[in-house]
Amino acid sequence: MALLELCDVVKTYQMGDVSVRALRGVSLSVEEGEFVAIMGSSGSGKSTLMNIIGCLDKPTSGTYILAGQDISKASRNELAEIRNRTLGFVFQSFNLLSRTSALENVELPMLYAGVPTSERVARAKRALERVGLGQRLDHHPNQLSGGQQQRVAIARALVSEPKVILADEPTGALDSRTSIEVMALFQELHRAGMTLVLVTHEPDIASYASRLVVVRDGQILSDRRQTPVPAVVPPLPPEDIALEAAEARG
Amino acid sequence: MNPLQTFRIALRALQRNKMRSFLTTLGIMIGVAAVIAMVAIGEGAKKRVEDAFSSMGTSLLIVMPGSSQSGGARGGFGSQPTLTWDDLHAIQTELSAVKYAAAVLRTNAQLLADDQNWATTVYGTSGEYFEIRSWRAASGTLLTSSDVEGGAKVVVMGATVVDKLFGPGADPIGRTIRIRNIPFQVVGVLEKKGQSPMGQDYDDAVYIPQTTFASKIQGGLQKYVSGTLYVSAVDAESTARAQRQIESLLRDRHHLSDRDEEDFSVRNLSEIASAQQEGTETLTTLLASIAAVSLLVGGIGIMNIMLVSVTERTREIGIRMAVGAKPRNILAQFLVEALTLSLLGGVIGVGLGILTASQLASRFGWPMLVRPDIVLIAVGFSAAVGVAFGMYPARKASQLDPIEALRFE
């Protein structure tokens, strides 16, 4: 049984008198441990697909089964619980709570899961250490660089030990070097057995994944396995080291 | 998510906008302070009226003789003496609910001291009268029963009269004054009592034995009391019973059948007192309701700010929902924020209200009466205002679509 299975999913939006068909019958199944990149240009329906996979939205018709649970019939409360336990989100714009420390941002999903305080803090610390931010626990988002903020977001996605991590254009707001750093982190998680679904419009970012699904006009155009390009971070030129250090200090 | 965590998140959110939180709270603060101060003022006024009446004696009854009638012209109460000295004696001795009874005869007269004179009211009465009014002597003695029996030419003076005849602070005991040219020896001075609720100066009067009054000042009818009777019941609760006893005793003694109108009238001061109290009660209610309106306005302020806050924090709400916050978690978060604002305002308002009340009390010389039930009601009401006006914004937040909320800039 696939971890994530969409069957003939249709999503229609009503915009005044016009109904927009964002998804026109998408069927997709993702096994545990896969690293899938969903690629498409803007308006292709990839964001809608992502929202449905992320249980933020429900399909108009068709079925979506995630970890054995039928999402198409779930209530708002059930969707919130699934997002909390089964999914981890990474967004293009990081979506961290401002004026809140990295540690507390990572604690947030566990707050809603009812994890006791001491365990919550310990797990959040471990997740931040895993993404290489063990020294930045008390930093607020505005004191961190873009790459560091995205790593906090990844730690937040990891901390509730989800079945799938969903990344929506995770490198869209990062420079190419930091993008590779983030992708290297994703590949590392993939190697550790995590299931990842990545949405992007950049072919070179998609090339780091082990499966490529191309979406166009609300339908799947192609779906094939590929050998992932290893994400290797190029060494920094000396002047950039000083720049990054300055950025990190904010 | 437990309530303590929700509260901490709310507190943090409020701390981020300290000035705004303070201003929002100010509305509730002023409202609660106003309620407490206004009720304290109202209660103080009520207490003052009560004290004024209890100094007059709430267990006091006044028996007045009946009216005269000559050729169709009816003379009003007191115009015809119907009460006899024997009636007084019967009231004093025969009635269980009566503690003291005294006759009060009065006239106005010019008083002469060595080099001063003063016109004032002269009362002819007995020692019981002072008991009825609970008046004490500041110096000397009050009228004794032997003074009354012997028709002694002694006088007890009010403080104002002492001031006018002998100068402020003088000790007149043992000196002689003339009333209608008859010399009287001063035996006592009454304690200062101030004004009656109707503005009459209690201290501007002198008191002489009723027998002396009748024989030397104003010769009356031998058998009848040419004045009124003051009666005090054994306690305030027995006043009505004493009144009934006096009425039936006098009807009996005056041989009145059931059809006859009474030839006397008994007046009850507690009726006047309760009417006055009702007046101040109305004042308290009025002041409190005006203050309650300001609490309501404070509540609207909270709603306004919470609506702004929900809009501002749409993205935060989206993030919380994405990581698993249920609608009721979001509802609780914003509701607790509103509740914290209003309760904080309520508690500070209580302090402010008590402070204001005590300031006003010391300025006007009123007793300060902060009613604990009003404090509880005011705090409870402010909490209710927080929940009532926080509900709409909180519901609005909890019903947001997570996708829309995450996209919000």
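All values derive from a computational prediction rather than experimental measurement. (Residues numbered from 1 in each chain as written. Chains lettered and ligands numbered in written order. Predicted model: local features only at pLDDT ≥ 70, side-chain atom pairs only at ≥ 80, totals over all residues. Heavy atoms only, no water.)

1. Let's talk about the environment of Ile-403 of chain B
Formally: In this text, helices come from DSSP runs of H or I with a minimum length of four residues, and strands from runs of E with a minimum of two, each type numbered from the N-terminal end. Throughout, a contact is declared for two residues whenever any of their heavy atoms are within 4.5 Å.
Position of Ile-403 of chain B among the secondary structure elements: in helix H13 (residues 402-407). A sequence separation of 81 residues divides Ile-403 of chain B from Ala-322 of chain B, and the C-alpha atoms of the two residues are 8.5 Å apart. Once residues within four sequence positions are removed from consideration, Ile-403 of chain B is found in contact with Asn-51, Leu-56 and Asp-57 of chain A.

2. Concerning the sheet that holds strand E3 (residues 35-39) of chain A
Residues and elements named next belong to chain A. Rule in force here: DSSP calls a pair of strands paired once it identifies at least 2 bridges connecting them. What counts as an axis is a line fitted to C-alpha atoms, over the stretch in contact for a helix, and the angles between N-to-C directions run from 0 to 180 degrees.
Judged by pairing direction, the sheet is mixed, and its 6 strands sit side by side in the order E6-E7-E8-E3-E9-E10 without closing on themselves. Looking along the sheet, the strands with just one partner apiece sit at the ends: strand E6 (87-90) and strand E10 (219-225). Averaged over all pairs of adjacent strands, the angle between their axes in this sheet comes to 15°, without regard to strand direction. Where E6 and strand E7 (residues 164-168) come together, 4 bridges link them in parallel fashion. Bridge pairing in E7 links Gly-88 to Ile-165. Running over the sheet, helix H2 (residues 76-86) touches E6 and E7 and is turned about 80° from E6.

3. Focus: the sheet that holds strand E5 (residues 69-70) of chain A
Residue and element names in this part refer to chain A. Across the sheet, which stays open at both edges, the 4 strands sit in the order E2-E1-E4-E5 with antiparallel pairing between neighbours. If you trace the sheet from one side to the other, it starts and ends with strand E2 (18-30) and E5, each paired once. For strand E1 (residues 4-15) and E2, the ladder comprises 10 bridges, and the chain directions are antiparallel. What sits directly across from Met-15, in E2, is Val-18. Helix H1 (residues 46-53) contacts E1, E2 and strand E4 (61-66) of the sheet and is inclined by roughly 120° relative to E1.

So far we have only geometry, and geometry alone does not tell us how the molecule works.
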